[in-house]
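Now for the letters of each chain:
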There are 2 protein chains.
Amino acid sequence: MGEKQRGGRSVVFHRPPVITGHACVAGKKEGEGPLRDTFDRINEDSYWGEKTWEKAESAMVKDALHLAMDKAGVRPEAVSCVVAGDLLNQCIGSTFGVREMAIPFFGVYGACSTICESLLVASMILDGGFADCVAAATSSHFCSAERQFRYPLEYGGQRTPTAQWTVTAAGALVLSAQGTGPRITAATFGRICDLGIKDANNMGAAMAPAAYDTLTAHLRDLGKTPDDYDLIVTGDLGYVGSQILLELFARDGVDLSSRHRDCGLLMFDRARQDVHAGASGCGCAASVLCGHLLRGMAAGRWRRILLAATGALLSTTSTQQGQSIPGICYAVAIDSGRDGEV
Amino acid sequence: MGEKQRGGRSVVFHRPPVITGHACVAGKKEGEGPLRDTFDRINEDSYWGEKTWEKAESAMVKDALHLAMDKAGVRPEAVSCVVAGDLLNQCIGSTFGVREMAIPFFGVYGACSTICESLLVASMILDGGFADCVAAATSSHFCSAERQFRYPLEYGGQRTPTAQWTVTAAGALVLSAQGTGPRITAATFGRICDLGIKDANNMGAAMAPAAYDTLTAHLRDLGKTPDDYDLIVTGDLGYVGSQILLELFARDGVDLSSRHRDCGLLMFDRARQDVHAGASGCGCAASVLCGHLLRGMAAGRWRRILLAATGALLSTTSTQQGQSIPGICYAVAIDSGRDGEV
């Protein structure tokens, strides 16, 4: 067994990667929500100054990465590679976002779990000794996602109560082998869970079993209990998926409710912002992490957070062909390195 | 600088991952080409026994992975993770291919460079001590790619002379921390190169600068010359891209022609098989590696091979929006561990 492997699916880092910089940018609707004060930049223009929404998404990735590098005090030349991906076909949000940076690039695809997948890969590259400084980033855009996955926006398609609202946001982090800041101490690999959900408007239900699978593996592999974390944050199960996750844990006699939060429920005010079951999209967990969570850790609100980002690995083609929705979830444990007040 | 990092973009493995199993499966046209005897399985049914071409592609991924695991003598439970991706939107070839295996999964997207991207990530996971056994896989299917990227097959669209033919094939490898077999000794990260080519029917030209960029970085970082390798294999530049690559090296006074091969030119007999500029697709470099190249190494034909798979990171949306084509190339050095006869 690999020296850093614990049980089948979890790894511990011998030299925990340090988050030396992080940033998030968001759109107008996100900027009107409860997390408005945690974004580094809010742009009311859904085109972000570009001519198309896809180009806007790439511009957001670029902005988030540059902000994170600025905060980390590193120039692009000092970054060994960027690990990034997004929801757009062939991941063009990321590729066109980093195109002009001349930084080596690893494209990943984990749907809305991408921020944790990219952090996990980036952390292994760093702790494995292959680099000193690695960036991770991801994005989503309501308008580019709607027209790719659902309907042209002009059509005004009706949304079902279980549907989630794709967040317009991008998040980026710089991880370094040295420096000060919160550290990524351990992580758990995701595996595909598919219990047969076929409703592409109920992705929370499709992803909840993957979240349960990865969280239980994490706790088991590392010999931990939920109490070892101040927060266990999923993203993005939304209301429906979160209820299912809590029920699955309750069957094991575990009450996760006091420590559990979900990025899909943190992003918007459901009573006021008409987002049905909550938020989703690669940019949701990424921007909640790079804003709300890491700012809260810096302020001493939480010391140990387990972020378990979930993804629904469907495509319009797989749905049209009657396939169910495979879910996946990667978990990343972050320690602020300072005493929390919780 | 990371202890295994050499220069900016290349890494050397302290405990070189061993390729303990490899397999490739291919379609009818590929099975009529010069590499026909190197495939583990040829299926004349373009549906691979499934109802759609996308499901066929997933079945090919599954078959290639199971064959590779069988050859490596490992059960799926012993594989710590699969690193895989493909050309289909949201990488459904890979995700639905591994869905039932219950193996942890990292989805990657590098277009036709995916086999080298996945081998590089898999090698870092292994050499970093995070696992003992990791699989890498990728696939492409002419029919699923044509209708996603170009036209419905029934339309009978005319192909331009610079166009390449997407290969129907899948390749999979099992890498282990221990065991016998060829070893991955070093690798070079890819970065995006975009010189402004906008013709989606001339991807060889779009990718050639990335191949040149990565190959020169590899040789420079590791202090090597082309003579240090018995073969330098790109994939898939095709005829047009290969000519450009040789010209770029010739400008530096380096004659690469005697050692250079291209997977896109090895796959088909261009004189007989009407594929215009050659072959392409994630499955091309993957199946040439898992068949022709690794079999040739086992037979003592070559000892040291540098495989530099290239990808064109475009989408139909980026092309429709007037964007040029970003290219990328990852290089992986493989040593047979035995004297070659070259």
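Residues numbered from 1 in each chain as written. Chains lettered and ligands numbered in written order. Predicted model: local features only at pLDDT ≥ 70, side-chain atom pairs only at ≥ 80, totals over all residues. Heavy atoms only, no water.

Caption draft 1: Fine view of the nonpolar core. Counting 189 residues, the largest nonpolar core has Leu 65, Phe 106 and Ile 125 of chain A together with Leu 65, Phe 106 and Ile 125 of chain B as the members making the most contacts within it. Of all the elements, helix H2 (residues 53-72) of chain B adds the most residues to this core, at eleven residues. With sequence-adjacent residues up to four places away left out, Ile 125 of chain B is seen in contact with Met 124 of chain A together with Cys 81, Val 83, Phe 106, Phe 130, Ala 131 and Val 134 of chain B. (Core = buried A, V, L, I, M, F, W, Y, C linked by side-chain atoms within 4.5 Å. Buried < 20%, exposed > 50% of the residue type's maximum accessible area, 1.4 Å probe, protein only. Helix = DSSP H or I, 4+ residues; strand = E, 2+ residues; numbered from the N terminus. Contact = heavy atoms within 4.5 Å.)

Caption draft 2: Seen up close, the interface of chain B and chain A. Facing 63 residues of chain B, the contacting portion of chain A comprises 63 residues. If you look at where chain B meets chain A, you find four salt bridges. Close ionic contact of Asp 194 of chain B with Arg 99 of chain A constitutes a salt bridge, the shortest N to O distance being 2.7 Å. In this assembly, chain B and chain A are joined by 34 residue pairs in polar contact (both at pLDDT 80 or more). If one sorts the elements of the side of chain B that touches chain A by residue count, helix H4 (residues 114-127) of chain B sits on top with six residues. Class assignment for the residues of the side of chain B that touches chain A results in 32 nonpolar, 18 polar and 13 charged. (Salt bridge = Lys/Arg side-chain N within 4 Å of Asp/Glu carboxyl O. Polar contact = N/O pair within 3.5 Å; in protein donor to acceptor, adjacent residues only side chain to side chain. Nonpolar A, V, L, I, M, F, W, Y, C, P; charged D, E, K, R; others polar.)

Caption draft 3: Inspection of unusual backbone geometry at higher detail. Residue Asp 236 of chain A follows Gly 235 of chain A across a cis peptide bond; omega there is 5°. Structurally, the position occupied by Asp 236 of chain A is in the loop between strand S11 (231-235) and helix H7 (238-251). Its identity as a non-glycine residue notwithstanding, Gln 90 of chain B has a phi of 60°, on the positive side. Note that Gln 90 of chain B resides in the loop between strand S5 (81-86) and helix H3 (92-98). By relative accessible area, which is 3% here, Gln 90 of chain B ends up buried. With phi around 55°, His 276 of chain B is a residue other than glycine that occupies positive phi space. Structurally, His 276 of chain B is set in the loop between helix H9 (270-273) and strand S13 (279-280).

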